[in-house]
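# Examination of the molecular architecture
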Amino acid sequence: MSRTDESRLDPARRIQFAFTDEQEQFRSAIGRFLNDKSPTTEVRRLMGTAEGYDPAVWRQLSEELALPGIHIPEQYGGAGFGMVELCIVTEELGRALLCAPYFSTAVLAANAILNAGTEAQKASLLPDLASGARRATLAVTELNGQWDPQSIELVATRVENGYRLDGVKSYVVDGHVAELLVVAARLPNTVGGDGLALFTLDANSNGVERRPLESMDPTRKLARIAFHSAPAQLLGNLDDGSETLARTLDQATIALANEMVGGAQKLLDSAVDYTKVRVQFGRTIGSFQAIKHRLADLLLEVELAKSAAYYAAQASAADDPEWPALACLAKAAASETYLRMAAECIQLHGGIGFTWDNDTHLWFKRAKSSEVFLGQPSYHRELLMQRWGV
Amino acid sequence: MSKINEAEVRAEVRTWLTANWDPEMSLVAWRSKLADSGWAMPHWPEAWYGRGLPVGLTRVVDEEFASVGAVGAAKSGVRLLAAATLLEHGTDLQKKNFLRRILTGEDNWCQLFSEPGSGSDLAGATTRADLNGDYWIINGQKVWTTSAHHADHGLLLARTDWDAPKHEGMSFFVIDIRQPGVDVQPLKQMNGHASFNQVFFTDAKVPAENLVGRVGEGWKVAVTTLAHERRGADGLSAPSKRGSRTGRIYLEERAELETANQPYKWYPQRAGRVDLVIERAKETGANSDPNVRQEIAKLMIMAKSAEWTARRARAAQQQGRPQGPEGSLGKLAASNVARAAARVHTLITGTEAMLTGSGSPRDGIIAEILVSVPAVSIAGGTDEIQRNIIAERVLDLPKEPRFDTGPFRNVRRN
């Protein structure tokens, strides 16, 4: 995307602060689909299964709404939209807590391939992801739990016809059901940002050992994947692995922030609805100022987090130079807000809010897993300061 | 009515300016001419110094004025709130007496609503007005009155019926401030500035013709004034952008603005000066402290998100969509940002935060931030009132039970 001199002076001029009518209609269509397909009875059923998703719903979501390829260019079988639309999808999925390998396939793997892949790789790998025919994920973090790519230790060694991977990845989202793995690794004897690159391999290859982890948030399944001389192909080239990986993680961070504000809004709605019907001391508890003021504060916090998440998505779509910093900003904001909203939603429900039968804990656990997934708020605040040159 | 064409308006105002604009005129002489032409307030009715143009076209007129550097009508202080209130509720005699001198800047105005006993609960006012022949006799006390010391007239809300329910027993007046029964005293604030006044009334007189609206309808009239205040006609004049131009009229305008803006000199500090935070962290070396970096990031995230929230609200409005919750949150967000900024400024400044005045950091500006921020969550509606408004209007939560119904005489008060 080219930028004019004028727009470089004031990026906010190019960044849209309102969604278009088409985007709003798109959001409504997803909302209707999810109301129908992902009520909490379904969330509870699927989170108890080993796979953690419903293949029939995944197929419908792919075929009827084309969601996995929403941001993938048409030439690779996608719908040809961008980050803003992708983030509308994740926001709605976060609201409904849909159990599906969407974040892994569309947000992590597809973006990694779009950012790093050669023309031939994009043409061969992306159409199956866009159509929902193939599930995929991106493996970055290792046993140390660090999200900074510099701490990657998994080694890729050059061999005839490609590379072989040795090491262990952990906290891999949907790693248990992915068919295609995109793996961040480093060349032998390299440190820091040097020698980092992305590799692809079939998840059922020889030398790949996958073990599901017991995740506190059962709607986001995690796996540990050990690689023992597993055969892999280089994705793209060796020169810009560090940048393409960073770009992919920053995009994922923005998509996650949008998912999180969708969940936070859902919790706010739930808390407000409950305080309007719950009666104590002869009044609905929502008529007490102690409750009203807290809900007003929470509304403010949720709206601010939404503004940050939306702005980051718009800035990324517009390729504004500041967008990687804004990814950190949006994630830090969404993390604090989502978790506070979840804790307050339990508190405003009183004792019933702490029970398994009440749905609040489903979002509470998603809020907790999202808080640390892709980096804690303190990590993103520090990164924000660095990216702003403070 | 035929559709008014933007190009025609532009051509017409341009022609008029070419024929009449002269920067060597006195401010009052020019504004008199302007008031008569209707170009001062083009969206006002034709009968009262306007041209009846749609509000949307005033932008065209403003642009033409700006392009030749022409000075507009006086707009500082609460004069435009007074004008809007009189246009809506005033008698023809009142419009004739007051509107023109509002526009020329010859008269200054102040707003006499808040009282020591009624802050958030403005309708609990106890300043009384008793009719005696052709005059209302005013007794009581108002407070937080900006610029009362150089005002000519005041918009006064006073109680005229103590047996009516509180909102129904008040009336609205225009009072002459320069009379023996009115005593204006500056009110010194904790930050040392005195931006406001207390105004004491002892048998002050208001001629019966200066009642605005009917007896007992004062609250309704005051609501009009407050609505205009919320819409932003709050008297905070932007510094003149015509600084480099020469001519007698510009000198007079600058002097006028300086006086009008004097009470607001500390307002940037009251908002927390987020703009200084990163600079200060670098100049003090506090940017190398991981804890300070976290706190700066938290503040900047909040401030940026608040700014984008305001822009979302504006964008939705421009697209003609119903305003979402983001439109009601600005004031509360601003309070949170200001408080957080004061905390971070303290963290960055450290022990030096114990000092004030010209020997303290940034020539006393940092100290002024720290002692001015407490105003932001009170002025123009406390945070608590904002939360009630958000809870009731946006989240549709029920109101608290009331204890102030029935005759005002029996309502508990300060």
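## What about the overall build of chain B?
Of the regular secondary structure elements, chain B holds 13 helices and 8 strands. Relative to the globule expectation of 22 Å for 414 residues, the C-alpha radius of gyration of chain B, 24 Å, shows essentially globular dimensions. The principal-axis extent of the C-alpha atoms belonging to chain B is close to 70 × 65 × 45 Å. Sorting the 414 residues of chain B into buried and exposed places 39% on the buried side. Counting only contacts in chain B whose residues sit at least 6 apart along the sequence, the fraction spanning at least 24 positions is 71%.

## What about the domain arrangement of chain A?
Residue and element names in this part refer to chain A. Each assigned domain of chain A is listed with its residue range as follows: domain 1 (11-134), domain 2 (137-239) and domain 3 (243-387). Inter-centroid distance (C-alpha atoms) of domain 2 to domain 3 is 30 Å. On the domain 3 side, the residues contacting the 13 residues of domain 2 number 13 residues. Of the residues belonging to the side of domain 2 that touches domain 3, the class tally is 8 nonpolar, 3 polar and 2 charged.

## Points about the nonpolar core
In terms of nonpolar packing, the biggest core is built from 170 residues, with Val183, Phe199, Ala308, Ala312, Leu329 and Ala330 of chain A touching the most fellow members. Leave out the neighbours within four places in its chain, and Leu329 of chain A touches Ala308, Ala312 and Leu384 of chain A together with Ile301 and Lys304 of chain B. Formed by 57 residues, the second largest nonpolar core is a distinct cluster that contains Tyr49, Ala74, Phe98 and Leu157 of chain B.

## Comments concerning the packing of helix 12 (residues 377-387) of chain A against helix 10 (residues 290-318) of chain B
Two elements in contact, helix 12 of chain A and helix 10 of chain B, have axes separated by 9 Å at closest approach and are oriented at 85°. The angle between the axes of helix 12 of chain A and helix 10 of chain B places the two elements in the roughly perpendicular class. Every residue of helix 10 of chain B that contacts helix 12 of chain A at Ser378, Arg381, Glu382, Leu384 and Met385 of chain A is listed here: Arg293, Gln294, Ile296, Ala297 and Lys298 of chain B. Taken together, the residues that form the contact of helix 12 of chain A with helix 10 of chain B break down as 4 nonpolar, 2 polar and 4 charged.

## Considerations on the interface of chain A and chain B
Between chain A and chain B, the residue contacts involve 31 residues of the former and 36 residues of the latter. Mapped onto the side of chain A that touches chain B, the elements with two or more residues apiece are helix 8 (241-277), helix 9 (289-317), helix 10 (323-349) and helix 12 of chain A. No other element matches helix 9 of chain A, which puts 14 residues into the side of chain A that touches chain B. In terms of residue class, the side of chain A that touches chain B is built from 17 nonpolar, 8 polar and 6 charged.

## Observations regarding the environment of Phe81 of chain A
All names here are of chain A. Its location among the elements puts Phe81 in the loop between helix 4 (55-63) and helix 5 (83-96). Among the residues examined, Phe81 registers 21 C-beta atoms within 10 Å and is labelled buried. Once residues within four sequence positions are removed from consideration, Phe81 is found in contact with Ile70 and His71.

Definitions and limits used
Residues numbered from 1 in each chain as written. Chains lettered and ligands numbered in written order. Predicted model: local features only at pLDDT ≥ 70, side-chain atom pairs only at ≥ 80, totals over all residues. Helix = DSSP H or I, 4+ residues; strand = E, 2+ residues; numbered from the N terminus. Rg over C-alpha atoms; globule rule 2.2 N^0.38 Å. Buried ≥ 20, exposed ≤ 12 C-beta atoms within 10 Å, placed from the backbone. Contact = placed C-beta atoms within 7 Å. Domains from an automatic or database assignment. Nonpolar A, V, L, I, M, F, W, Y, C, P; charged D, E, K, R; others polar. Core = buried A, V, L, I, M, F, W, Y, C linked by C-beta atoms within 7 Å. Axes fitted to C-alpha atoms, helices over the stretch in contact; angles between N-to-C directions. Parallel < 35°, antiparallel > 145°, perpendicular 65-115°, else oblique.

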